[in-house]
Amino acid sequence: MNIPELLDQLLSEAHKNYALRERLLKTRESENPLEAFCKVCRELGYEIYEMDLVMAGEEFYATMKRSTNGGGENSPVLSGEDDFYELFFAAL
């Protein structure tokens, strides 16, 4: 599974399980929230690593930019669309 699919599956599980939701939200209070989040993910069986999560967002955004008007300078700026980590917590 790719990162967006793993995050969707984790999100679905967290919506059904209040304790899991709270555990994931608690990672935001860590000194390094992204690292803490990914550690919890791996403990739960979701192989999500920090760099994979960051790169998945970057690759998704780059693909979207290339598909808009040939990816030129007139492509729209899509604020936050490259940050799957923040999008996950917004949906949580």
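The structure under discussion appears in the preceding block.
Predicted model only: the values in this text are computed from it and were never measured.

Asker: Help me out: how do you make sense of the overall build of the protein in this one?
Answerer: Along the protein, the regular secondary structure elements total 5 helices and 0 strands. Reading the protein from its N end, one meets helices and strands in the order α-α-α-α-α. Put simply, the protein has 92 residues, and 28% of those count as buried. Looking at the protein alone, contacts between residues at least 24 apart form 53% of all its contacts between residues at least 6 apart.

Asker: Would you explain the pattern of salt bridges in this entry?
Answerer: For side chains of opposite charge, pairing can occur when their charged atoms come near one another. Enumeration according to the criterion identifies 4 salt bridges in this entry. The partner of Glu43 in a salt bridge is Arg23, with the nearest N and O atoms 2.2 Å apart. Of this pair, Glu43 sits in helix α3 (residues 33–43) while Arg23 sits in helix α2 (residues 18–26), and the two are 20 residues apart along the sequence. A relative accessible area of 36% places Arg23 in the partly exposed class. Glu29 is the partner of Lys26 in a salt bridge, and the nearest nitrogen-oxygen pair spans 3.1 Å. The exposed category is assigned to Lys26, whose relative accessible area is 53%. A residue is classified by how much of its surface remains accessible, and Glu29, at 61% relative accessible area, is exposed.

Asker: How do you make sense of the environment of Phe89 when you look at a structure like this?
Answerer: Among the secondary structure elements, Phe89 is positioned in helix α5 (residues 84–91). Given a relative accessible area of 10%, Phe89 falls into the buried group. The sequence separation of Phe89 and Arg28 amounts to 61 residues, and the corresponding C-alpha distance is 9.3 Å.

Asker: What's the story with the nonpolar core in this structure? I'm lost.
Answerer: Among soluble globular proteins, nonpolar side chains are generally buried collectively. Among the nonpolar cores identified, the biggest contains 21 residues, and Leu24, Phe37, Ile48, Leu53 and Phe88 are the most heavily contacted of them. Contributions of two or more residues to this core are made by α1 (3–16), α2, α3, α4 (50–67) and α5. The element contributing the most residues to this core is α1, with 6 residues. Discounting residues that sit within four places of it in the chain, Ile48 has contacts with Ile3, Leu6, Leu7, Cys38, Cys41, Arg42 and Leu53.

Asker: What is the right way to read the packing of α1 against α5 from this model?
Answerer: To characterise two packed helices, one gives the angle between the axes of the helices and the distance between these axes. For the pair α1 and α5, the least separation of the axes is 10 Å and the interaxial angle reads 20°. By the angle between their directions, the pair α1 and α5 is classed as roughly parallel. Crossing of α1 over α5 shows right-handed handedness. Where α1 approaches α5, its residues Ile3, Pro4, Leu7, Leu10, Leu11 and His15 are matched on the opposing element by Phe84, Phe88 and Ala91. Residues belonging to the contact of α1 with α5 are distributed by class as follows: 8 nonpolar, 1 polar and no charged.

How each quantity is defined
Residues numbered from 1 in each chain as written. Predicted model: local features only at pLDDT ≥ 70, side-chain atom pairs only at ≥ 80, totals over all residues. Heavy atoms only, no water. Helix = DSSP H or I, 4+ residues; strand = E, 2+ residues; numbered from the N terminus. Buried < 20%, exposed > 50% of the residue type's maximum accessible area, 1.4 Å probe, protein only. Contact = heavy atoms within 4.5 Å. Salt bridge = Lys/Arg side-chain N within 4 Å of Asp/Glu carboxyl O. Core = buried A, V, L, I, M, F, W, Y, C linked by side-chain atoms within 4.5 Å. Axes fitted to C-alpha atoms, helices over the stretch in contact; angles between N-to-C directions. Parallel < 35°, antiparallel > 145°, perpendicular 65-115°, else oblique. Left-handed = near helix turned anticlockwise from the far one by under 90°. Nonpolar A, V, L, I, M, F, W, Y, C, P; charged D, E, K, R; others polar.

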